[in-house]
Amino acid sequence: CGCGDAMKVRKLCECALLIAMAILFQLIEASIPLPYVIPGFKLGLANCVAMIALYRYDNRTMTFVNLMRVVLAALMRGTLFQISFWLSFAGAICASLAMWFTKRFTPCTIYGTGMAGSSAHVIAQVAVIMLLYEQWRMIAVLPLLLVTGIPTGIAIAWIAALVLKRLPMKEG
């Protein structure tokens, strides 16, 4: 029982808090009525928490936080394995992969990572709608969703950067 065990417990507690915050943001966002000028447009508030997990810890932690958020929020809303679950699941997986890739293999800052995650999330969700509903015309909405996703990705990255600056340094 040494310092390593205390660090594992601290990370576990921080991950639990990140998951709880991500669930809360997803549930709040789901209850915010947005004008339906653009079908499927969301702010992506929970992705802010995912970015904090990525930059504070690593890709595995971010992916774990994202997947737990999707599954637990779906359980709380009673939508597990419904279309909204699959949209969220696909978006979270693709956004996690895009953010990891961008952070790891490109010189992009957190803002580029946010844009990549937002764009991947949108592409994944449009692809799921097209496959499940055979609505091939949904591809027409993709450019508009990408254009709106870029500023929201930057805004979410900005919020994540502010939070990361204010968090105490990670020990170990």
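Residues numbered from 1 in each chain as written. Predicted model: local features only at pLDDT ≥ 70, side-chain atom pairs only at ≥ 80, totals over all residues. Heavy atoms only, no water.

Some words on the layout of surface pockets
No. 1: The computed volume of the second largest pocket comes to approximately 160 Å³.
No. 2: Lining the second largest pocket are K11, L12, C15, D58, R60, T61 and F64.
No. 3: When residues of the lining of the second largest pocket are traced back to their parent elements, those giving at least two are α1 (3-31) and α3 (59-77). (1 Å grid on protein atoms, 1.4 Å probe; cavity = no way out; pocket = protein on both sides within 12 Å on 5 of 7 lines; lining within 4 Å. Points joined across faces, edges and corners; volume = space filled by probe spheres on them. Helix = DSSP H or I, 4+ residues; strand = E, 2+ residues; numbered from the N terminus.)

Examining the packing of aromatic side chains
Where two aromatic rings form a pair, the distance of their centres and the angle of their planes describe that pair.
No. 1: Under the counting rule described, the total for this entry stands at 7 aromatic pairs.
No. 2: Ring geometry for F81 against F85: centres 5.3 Å apart, planes inclined by 75°, an arrangement best described as edge-to-face.
No. 3: In this structure F81 comes out as exposed when scored by relative accessible area, which is 56%.
No. 4: An angle of 90° between the planes, with centres 5.4 Å apart, marks the rings of W100 and F105 as edge-to-face.
No. 5: Grouped by ring-pair contacts, the aromatic residues F81, F85, W86 and F89 constitute a single cluster.
No. 6: Its end group placed over the ring of Y55, K103 keeps NZ or CZ at 5.1 Å from the ring centre. (Phe/Tyr/Trp six-rings, centres within 6.5 Å; stacked < 30°, edge-to-face > 60°. Buried < 20%, exposed > 50% of the residue type's maximum accessible area, 1.4 Å probe, protein only. Lys NZ or Arg CZ within 6 Å of the ring centre and 35° of its normal.)

A few points about the pattern of salt bridges
No. 1: Within this structure, the stated rule accounts for 2 salt bridges.
No. 2: Residues E14 and R10 are paired through a salt bridge, measuring 3.2 Å at the closest nitrogen-oxygen approach. Taken together, the residues span about one helical turn, with E14 and R10 both in helix α1 at a distance of 4 residues.
No. 3: Here E14 falls in the buried class, since its relative accessible area comes to 17%.
No. 4: R56 is paired through a salt bridge with E14; the nearest N and O atoms lie 3.0 Å apart. Within this pair, whereas R56 is found in helix α2 (residues 45-56), its partner E14 is found in helix α1, the two being separated by 42 residues in sequence. Comparing R56 with E14, the two get one shared label, buried.
No. 5: Connected via shared salt-bridge partners are R10, E14 and R56. (Salt bridge = Lys/Arg side-chain N within 4 Å of Asp/Glu carboxyl O.)

Comments concerning α2
Because each turn of an α-helix spans 3.6 residues, side chains separated by three or four positions in sequence point in the same direction.
No. 1: Taking 1.5 Å of rise per residue, the 12 residues of α2 would be expected to cover 16 Å, and the 17 Å separating its terminal C-alpha atoms lies within 8% of that figure.
No. 2: Along α2, 10 of the 12 residues are buried, which leaves the element largely enclosed by surrounding structure.
No. 3: Residues of α2 that are buried: A46, N47, C48, V49, A50, M51, I52, A53, L54 and R56. (Expected span 1.5 Å × (residues − 1).)

Notes on the side chain of T113
No. 1: With respect to the secondary-structure elements, T113 resides in helix α5 (residues 110-133).
No. 2: For T113, a relative accessible area of 0% puts it in the buried group.
No. 3: If sequence neighbours within four positions are ignored, T113 has contacts with M51, L54, Y55, M99, T102, K103 and C108. (Contact = heavy atoms within 4.5 Å.)

In short, shape yes, function no, at least from these values alone.
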